[in-house]
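Fold and geometry: a report
Spelled out from the first residue to the last, the chains are:
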Amino acid sequence: MTKIESLLKDERIFYPPQEGKDLAYIKSRYQYDKIYDYSLKDPDGFWTERAKELITWFRYWDRTCYWDFNKAEIRFFEGGKLNASYNCLDRHLLNPHVKNKAAIIWQGEHDRDLRVYTYQMLHDEVCRFANILKSLGVKKGDRVVIYMPTMPEVIAAMLACARIGAIHVVVYGGLSAEALKSRILDAGAKILITADGTYSGGRRINLLNNAETAIAQCECIEKYIVINRFGEEITLSDKRGLLFDELIKNKEFEKYCPCEEMDAEDILFILYTSGSTGKPKGIYHTTGGYLVYAAHTTQWVFDLRPEDIIWRPGAVGWITFHTYVVYSPLALGATVFIYDGLPDYPNPGRWWELVDRFKVTILYLTPTNIRAFMKEREDWPAKYDLSTLRILGTVGEPINPEVWIWYHKNVGKGRIPVVDTWWQTETGGHLISPLPYTIPQKPGSVTLPLPGIEPVIFRDDGTSADINESGHLCIKGAWPGIARGLWGDSEKFKEIYFSRFPGYYFTGDQARVDEDGYFWIMGRLDDVISVSGYLIRTSELESVFVAHSAVAEAAVVGMPHEIKGEVIYAYIVLKDGFQPSEELKKNLIQHITKEIGPLVIPEVIQFVNDLPKTRSGKIMRRILRKVAAGVYDDLGDKSTLANPDVVEKIIQGRKEIF
Ligand code: PRX
């Protein structure tokens, strides 16, 4: 492969704030360096200390770390016994300061839909749910699919499964019946938990129809439980259906439900990936290592303290929800805020109003979320009191430096840290991220690896890349939170993650390390286009587009070209107040050639209202690549798209150009 040049050479540095530093878990670069060195020299010692400090075990383990990447075998805390539900609930009931504090604050789209669960209340709800599942014959190792909107019952159901040793499979409520069916069948699930529906932008969304259509073709489902969200009578179309409201009339279910003693390596959950790159994979995580790693990263990266209120808006069927909304904040006894509604309904200030009203302290968004605010709602954050915020996070895609700076300035008021966290469903938790009060930040860089993580960058031939030379991001050695396998396909697990560079975990991402040791993630390998012999990162081109004052969002793909091989095709979303025009196109092309170089000339610029994205905010480049190439059918699986309607509009726009 030709060497890939990096286009982004951002020099701006933001130093961690002094305020808040004294209380932080990790306070200085010096302390970070010392811990980092220790963690690599003595992983057994390091992970033993973290596991004992953060998690309550029924029995300690016999062996701390074991891995053999050649066999794709990974085990942490072998022989250790624990229960995730116990760690998130029961142990807090022993502490009078935590027992009666809010564990979950839930706000629905209507202001009147507001519920608060204290730790005691959530514990009781989880026991009840667990007893119901047990009464339906659910046993350790059985799979339970949860297909619901963002509601406290999702968390209760997850913790109920964990309590009795069942494996939960949370599927995002926006997925189609077909997508749900394939996940149920792949997991071989016995029970489905769902709801009648939810509200979105004032409209009702029916979930039950999808759920019933899906299970009509799933013999493995023995029963499905329906939670009532609308408060109206529910008619079930399948005799396997049970109404939650009927089940809870049985007072027997209110009894205490004991926690199953789980082995550290027993499976906690399966999660199907968002599928921005093809067929969904059922990634599974095990109890001990995952829980330790979730709590560990949350405590250091978000500097999470018991008095914090953490909010990560977004879908339940995503790893971020599992790790940073459910398992780690609850294991650490903090408060979680969850919201079931759109960011701009009933007005574009909704999210900021919620931060203000509920005094959120840690906010975790995607670059896509932030760009949406920059597009049309730029002045909205200023209308609210956001002074309770103390840490901002971002995840999911490379953040354009301009977007990072906007977030830091307009939401953080320039006074609080922004942590750009790089990780994957497969990694269980953050791997490369700044520690908020410790590491000076360069917008666009995910900065340094967390303790215990040793990333390396390889060229195609397996030799190490030089400073600032991009290549394949791989990780040497395992960490407790790494996935243990793909459900039902151990060979594929080995093949995808451990065969490209033997002895290393292959992330599939491209990255470079600069002269200060800072990591810059450039996206997936297929997000590279070859223009006049140069290989160019689409994410970097997008960042340059977004730095133009008229551009809100950009997605760049390669379009096959008879003579040139491949050319740049850019889909551009304009900020409010800007109109598409030939003049603006020329202006954008000039901007690119000025910022990058005279040879990099976008061939096609198509103005669009919106880009196709997964629920987790990732742009579906696979679809955009096909449309750019003039392929309008055979667009592949669109079920994970948050906004499938935009595809048709984009196709229309393409046809108008050619
Ligand atoms: O390409 C990287 C990108 O998201 C991928 C993982 O996606 P998923 O498994 O859905 O998990 C999302 C939640 C962690 C990565 O391979 N990615 C994630 N975080 C970042 C990122 N790219 C750049 N910067 C990030 N902070």
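Everything that follows concerns the structure shown earlier in this document.
Residues numbered from 1 in each chain as written. Predicted model: local features only at pLDDT ≥ 70, side-chain atom pairs only at ≥ 80, totals over all residues. Heavy atoms only, no water.

As for the sheet that holds strand β22 (residues 471–476)
Two modes of strand pairing occur in sheets, parallel and antiparallel, and in both the strands are linked by backbone hydrogen bonds. Across the sheet, four strands lie side by side as β21-β22-β24-β25; this open sheet has antiparallel pairing. Each of the sheet's edge strands pairs with one partner strand only, and the pair in question is β21 (454–458) and β25 (519–524). Taken pair by pair, the neighbouring strands of this sheet meet at an average axis angle of 50 degrees, ignoring direction. Looking at chain direction, β22 and strand β24 (residues 504–513) are connected through five bridges and run antiparallel. In the sheet register, Lys476 faces β24, and the bridge partner there is Tyr504. (Pairing = 2+ DSSP bridges. Helix = DSSP H or I, 4+ residues; strand = E, 2+ residues; numbered from the N terminus. Axes fitted to C-alpha atoms, helices over the stretch in contact; angles between N-to-C directions.)

Topic: the side chain of Asp509
Mapped onto the fold, Asp509 is located in strand β24. By relative accessible area, which is 7% here, Asp509 ends up buried. Polar side-chain contacts of Asp509 include one of 2.7 Å to the side chain of Trp422. Among all residues touching Asp509, those that are not within four sequence positions of it are Trp422, Gln424, Gly471, His472, Leu473, Ile521, Gly523 and Arg524. (Buried < 20%, exposed > 50% of the residue type's maximum accessible area, 1.4 Å probe, protein only. Polar contact = N/O pair within 3.5 Å; in protein donor to acceptor, adjacent residues only side chain to side chain. Contact = heavy atoms within 4.5 Å.)

Concerning the site of the ligand
Taken together, the neighbourhood of the ligand is formed by 19 residues, with Asp420, Thr421, Gln424, Thr425 and Asp509 sitting nearest. Within the contact set of the ligand, an oxygen atom lies 2.9 Å away from a side-chain nitrogen or oxygen of Gln424. Between the ligand and Asp509 there is a distance of 2.9 Å, counted from an oxygen atom to a side-chain nitrogen or oxygen. Considering the ligand on its own, with 540 Å² of exposed area, one finds that the protein chains cover 94% of that surface. The set of elements that each furnish at least two residues to the shell around the ligand consists of α11 (319–331) and β25. When its residues are assigned to classes, the shell around the ligand shows eight nonpolar, six polar and five charged. (Near = heavy atom within 4 Å. Areas by Shrake-Rupley, 256 points an atom, 1.4 Å probe, with all protein chains shown as cover. Nonpolar A, V, L, I, M, F, W, Y, C, P; charged D, E, K, R; others polar.)

Concerning the nonpolar core
The biggest cluster of nonpolar side chains holds 128 residues, and the ones touching the most others in it are Leu122, Leu159, Ile193, Tyr327 and Leu330. It is helix α6 (residues 152–164) that provides the largest number of residues to this core, a total of 10 residues. Filtering out sequence-adjacent residues up to four positions away, Leu122 remains in contact with Leu89, Ala103, Ile104, Tyr117, Ala156, Leu159 and Leu330. Counting residues in each nonpolar core, the second largest holds 52 residues, with Val360, Leu365, Ile536 and Val551 among its members. (Core = buried A, V, L, I, M, F, W, Y, C linked by side-chain atoms within 4.5 Å.)

Comments concerning the pattern of salt bridges
With the rule as written, the count across this model stands at 43 salt bridges. When the shortest N-O distance is used, the salt bridge between Asp62 and Arg59 registers 3.2 Å. Here Glu246 makes a salt bridge to Lys249, at a shortest N to O gap of 3.0 Å. A cluster of three or more residues bridged by salt bridges with shared partners is formed by Arg371, Glu397, Glu542, Glu553, Asp610, Lys613 and Arg621. (Salt bridge = Lys/Arg side-chain N within 4 Å of Asp/Glu carboxyl O.)

Things to note about the sheet that holds strand β29 (residues 565–574)
Strand order in the open sheet formed by three strands is β28-β29-β30, and the pairing between neighbours is mixed. In the strand order of this sheet, the two ends are held by β28 (551–561) and β30 (604–607), each with one partner. Strand-to-strand twist in this sheet, taken as the mean axis angle between neighbours without regard to direction, amounts to 25 degrees. Bridge count for β28 against β29 is 10 bridges, and the pairing is antiparallel. Across the sheet, Ala554 pairs through a bridge with Ile572, a residue of β29. Along the sheet face, helix α18 (residues 621–628) touches β28 and β29 and points at about 55 degrees away from the line of β28. In this fold helix α19 (residues 645–657) packs onto β28, β29 and β30, with an angle of close to 135 degrees to the strand it touches most, β30.

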